[in-house]
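# Observations on the model geometry
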Amino acid sequence: MTLEARIAAFREVVEEWLRGLYHGMIAHPAYEKIESEAEDVEDTFMLACFPDAFGIPSPVSYYTAELLPYLEDEFEAWERRMWDRGSLLERKGHQYHF
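This section reports on the structure supplied with the text. Each residue is numbered by its place in its chain's sequence as written, counting from 1. Side-chain atom pairs in this predicted model are given and counted only at pLDDT of 80 or more, local residue features only at pLDDT of at least 70, and totals for whole chains, interfaces and linings cover all residues. Computation of side-chain values: all heavy atoms of the structure, hydrogens and water removed.

### Focus on the overall build of the chain
To keep things clear, this is the line we draw: By definition, any uninterrupted DSSP run of H or I lasting at least four residues is a helix, any uninterrupted run of E lasting at least two residues is a strand, and each is numbered from the N terminus. For each residue, the accessible area found with a 1.4 Å probe, counting protein chains only, is set against the maximum for its type, and the residue is called buried under 20%, exposed over 50%, and partly exposed in between. We call two residues contacting when some pair of their heavy atoms lies within 4.5 Å. Computed with the Shrake-Rupley method and a 1.4 Å probe, the accessible areas treat only the protein chains shown as cover for residues.
Counting its secondary structure elements, the chain contains five helices and zero strands. Starting at the N terminus and ending at the C terminus, the chain contains elements arranged as α-α-α-α-α. For the chain, the proportion of its 98 residues judged to be buried stands at 13%. Once local pairs closer than 6 in sequence are excluded, the contacts in the chain between residues at least 24 apart make up 70%. With an accessible surface of roughly 8300 Å², the chain has 63% of that area assigned to carbon and sulfur atoms.

And the structure:
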C-alpha cells in the first residue's frame, strides 16, 4: 500500500467519524429536545428565584434579589418567555403529543 493510499484511507475514516460526530451532537433531533428541556429547567430556576415578578408572594424574595445583578440579562428574556408562553402544561403537552 502506497503512502497516498494510506493517507486517503485515513482521511475517509476521519471524515466518516466527523460526520457521525456532527450528526450525533448537532443534527440529531434529540438536540432540540435537550435544548427545550434545558430551557425549562432554567425557567423553573428563575421562577423559584423571582416569583414576585408574577405576583406570587415569596418569603425568600429579599435574598434572591441579590442575584438580580448577575441574572439581569437572562431575567428580561425569561420574563418575556413566561408571558408569551400559554402555560407550562401546554408546552409539556406538545412534547408528548397530547
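### Looking at a negative patch on the surface
Stated precisely, the cut-off is as follows: By definition, no residue in a patch forms a salt bridge, and every one has over 30% relative accessible area; like charges are joined within 9 Å, nonpolar side chains (Val, Leu, Ile, Met, Phe, Trp, Tyr) within 5 Å. Salt bridges, as used here, are contacts in which a Lys or Arg side-chain nitrogen is within 4 Å of a carboxyl oxygen on Asp or Glu. Asp and Glu are treated as the negative residues and Lys and Arg as the positive ones, with His and the ends of the chain left uncounted. All charge positions are set by atom: Lys at NZ, Arg at CZ, Asp at CG, Glu at CD.
Together, E42, E72, D73, E74 and E76 make up a negatively charged patch on the protein surface. Here the negative patch gets four residues from one element, more than from any other, and that element is helix 4 (residues 68-84).

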